[in-house]
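Coordinate analysis (summary)
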Amino acid sequence: KEFSTERFTKRVLFRHDGGVTFVLHFLPGQQLPVHKHPGTDVILLVVDGTGTMILDGVEQEVKQEDVICCGGETEFAFHNTGNSETRLFVTLSKVPNESYAQNI
């Protein structure tokens, strides 16, 4: 677990067959800005915590063990609205560009 008081963190776990798998770490109040994943599919598992997932402007509360699947053209954001750390396990079927496969 790698959390930072400065911002959310991202740790790449592995790359395979053109895709990438990583973990996002959020402290309470931290958020991932709206973005897309062009040309790929996104599968996300809430490992720990809770928060608000925003898909194409629609807010959805998520909790531990929830799974989200969406296409790369979906506008995607997350906000840790809970009182504890949140970890999201994410797989992209393809890497849209190298910035998506870098640690933050």
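Above: the structure in question.
Analysis parameters
- Residues numbered from 1 in each chain as written.
- Predicted model: local features only at pLDDT ≥ 70, side-chain atom pairs only at ≥ 80, totals over all residues.
- Heavy atoms only, no water.
- Patch = residues over 30% accessible without salt bridge, like charges linked within 9 Å, V, L, I, M, F, W, Y side chains within 5 Å.
- Areas by Shrake-Rupley, 256 points an atom, 1.4 Å probe, with all protein chains shown as cover.
- Salt bridge = Lys/Arg side-chain N within 4 Å of Asp/Glu carboxyl O.
- Helix = DSSP H or I, 4+ residues; strand = E, 2+ residues; numbered from the N terminus.
- Pairing = 2+ DSSP bridges.
- Axes fitted to C-alpha atoms, helices over the stretch in contact; angles between N-to-C directions.

Things to note about a nonpolar patch on the surface
On the surface, a cluster of nonpolar side chains totalling about 510 Å² of accessible area is made up of Leu-13, Phe-14, Ile-43, Leu-45, Val-67 and Phe-89. Breaking the nonpolar patch down by element, the ones donating at least two residues are β1 (9-16) and β4 (41-48). Among the secondary structure elements, Val-67 is positioned in strand β7 (residues 67-71).

Points about unusual backbone geometry
Backbone geometry places Asp-17, a non-glycine residue, at a positive phi of 50°. Tracing the backbone shows Asp-17 in the loop between β1 and β2 (19-26). Located in the positive-phi region is Asp-56, a residue other than glycine, with phi close to 50°. Structurally, Asp-56 is set in the loop between β5 (50-55) and β6 (58-63).

Overview of the sheet that holds β6
Overall, antiparallel pairing links the four strands, which are arranged β3-β8-β5-β6 in an open sheet. Taken across any chain shown, the strands that pair with only one partner, and hence form the sheet edges, are β3 (31-35) and β6. Direction aside, neighbouring strands of the sheet carry axes that sit 20° apart on average. Of the strand pairs in this sheet, β3 and strand β8 (residues 76-79) are connected by three bridges, and their pairing is antiparallel. The residue bridging His-35 from the neighbouring strand is Phe-76, located in β8.

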